[in-house]
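Residue-level structural notes
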Amino acid sequence: MDALTITLYSSFPGLLLAFIAQLILRSAWNKYSKVPSEINVPGAQVARYILDSSGLGHVKVEETRGFLSDHYDPSRKTLRLSRQVYQGNSVAAIGVASHEVGHALQDSQSYRPLALRSKMILSVHYGSWLGPILFSIGIAIPSTWGRILALVGLILFSGTVLFALITLPVEFDASKRAKQVLVDQGLVFRQEELSGVNMVLNAAALTYVAGAVQAFMAVLQYLYVFLMLDRKRDKEEKPA
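The following paragraphs examine the structure supplied in this document.

Helix and strand counts for the chain stand at 7 helices and 3 strands. Scanning the chain from its N terminus toward the C terminus, one meets helices and strands in the order α-α-β-β-β-α-α-α-α-α. Across the chain, contacts joining residues at least 24 apart in sequence account for 71% of those joining residues at least 6 apart. Separation between the mean location of the 23 positive side-chain charges and that of the 18 negative ones in the chain comes to 3 Å.

As a further point, take the nonpolar core. One finds L51 and L79 to be the most contacted residues of the largest nonpolar core, which totals 35 residues. Elements that contribute at least two residues to this core include exactly α1 (3-32), α2 (43-53), β3 (78-82), α4 (91-108), α6 (144-184) and α7 (191-237). Counting 14 residues, the second largest nonpolar core, distinct from the first, contains A150, V161, V219 and V225.

Summarising burial for β3: 5 of the 5 residues are buried, a large majority. Side chains T78, R80 and S82 project from β3 onto one buried face, and the interleaved L79 and L81 project onto a second face that is buried too. As judged from the 5 bridges shared by strand β1 (residues 60-64) and β3, these two strands associate in the parallel manner. Pairing of V61 across the sheet is with L79, part of β3. One ladder, built from 3 bridges, connects strand β2 (residues 71-73) with β3; its direction is antiparallel. Within β3, the residue paired with H71 across the bridge is R80. Taking the residues that link successive antiparallel strands as the turn, the β2-β3 hairpin has 4 residues, and the phi of K77 there is positive, at about 50 degrees.

This brings us to α2. Buried residues of α2: G43, A44, V46, A47, I50 and L51, and no others. End-on view of α2: buried residues confined to an arc of 160 degrees, all on one side of the axis. Residues of α2 that are buried in the fold lie against β1, β3, α3 (83-86), α4 and α6. At the C-terminal side of α2, G55 shows a positive phi close to 80 degrees.

On to helix α5 (residues 112-140). One turn of an α-helix holds 3.6 residues; hence residues three or four places apart share an orientation. An ideal rise of 1.5 Å per residue puts 42 Å on 29 residues; α5 measures up with 40 Å between its terminal C-alpha atoms. Along its length, α5 reaches its greatest deviation from straightness, about 45 degrees, at I121. Among all positions of α5, only L114, R117, M120, V124, G127, G131, P132, L134, F135 and G138 are buried.

So, on to the sheet that holds β3. Sheet strands pair via backbone hydrogen bonds, and the direction of the pair is either parallel or antiparallel. Ordered by their spatial adjacency, 3 strands build an open sheet running β1-β3-β2, and the pairing between neighbours is mixed. Strands at the two margins of the open sheet, each flanked by one partner only, are β1 and β2. Looking at each pair of strands side by side, their axes are set apart by 25 degrees on average, direction ignored.

Now for the environment of G88. One can find G88 in the loop between α3 and α4. Counting along the chain gives 76 residues from G88 to F12, while the straight-line C-alpha distance between them is 36 Å. With residues up to four places along the chain from it excluded, the contact list for G88 reads V41, P42, G43, R83 and A93.

About the criteria used
All residue numbers refer to positions counted from 1 along the written sequence of the respective chain. Per-residue local features of the predicted model are confined to residues with pLDDT of at least 70, and side-chain atom pairs are confined, for both listing and counting, to 80 or more; whole-chain, interface and lining totals are unaffected and use all residues. The side-chain figures draw on all heavy atoms in the structure; neither hydrogens nor water molecules are used. Secondary structure elements are defined from DSSP: runs of H or I of at least 4 residues count as helices, runs of E of at least 2 residues count as strands, and each element is numbered from the N terminus. It only takes one pair of heavy atoms within 4.5 Å for two residues to be counted as in contact. None of His or the chain ends enter the tally, which takes Lys and Arg as positive and Asp and Glu as negative. Charged groups are reduced to one reference atom each: NZ for lysine, CZ for arginine, CG for aspartic acid, CD for glutamic acid. Here, the term nonpolar core denotes a set of buried Ala, Val, Leu, Ile, Met, Phe, Trp, Tyr and Cys residues that are joined through side-chain atoms within 4.5 Å. Categorising residues by exposure relies on relative accessible area from a 1.4 Å probe, with only protein chains included: less than 20% of the type maximum marks a residue as buried, more than 50% marks it as exposed, and the intermediate range marks it as partly exposed. In this description, strands pair whenever DSSP reports at least two bridges between them. Throughout, the arc means the angular range of directions from the helix axis out to the C-beta atoms. Expected span of a helix: the number of residues minus one, times 1.5 Å. The angle between axes fitted to the seven-residue stretch ending at a residue and the seven-residue stretch beginning at it gives the bend at that residue. Lines fitted to C-alpha atoms define the axes here, with helix axes fitted over just the stretch in contact, and angles between the N-to-C directions of these axes take values from 0 to 180 degrees.

Keep in mind these values describe shape, not function.
Structure (structure tokens):
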């Protein structure tokens, strides 16, 4: 089995799961973005209210571009909400907005997985594109230095798996905080609203699970190719 075939087979499960996760997320969003919340206020206002009542008045809330591009920037203490969430007054919008507030709450309470993930962002960013380049160059060089270069690339790229795994508890915890604060502060009244928030946030969490699976399968793919070529080189280097 050649490297291309290995790549296709090993990538398929992760790609399929990611595709399904996106379908589920869009389905949940499309359904509950049409269900108005009882409090009938936009997501930005919900986020601002929770932040202020939690003693986080210094955290900014800004609108950003992109579909569901919502995120919290711990370095700038800023909550960035997509237009659909920032301006929307639906159950889906307040659910996503409160989830991002959950990250701000984590930051204020020095939640360790969030702090660790934040420290890894830069190194993982470079490792995710530099690792494959070094790996590809390394396996093309039939020497010990080629093996070392490929191994360094594999190690750099493997950081994406660790990052994805650390992301899971960060996102799950933020969703848990979001659901709790919505109930505690009386921002969700009806069972339908709580069910909608659960559906949207659970669907979003599934995308992170899919991302972790993709990262893991990609690293396994690189590792398999490395071991296969390394074994082939050992056979070629042995005297007849």
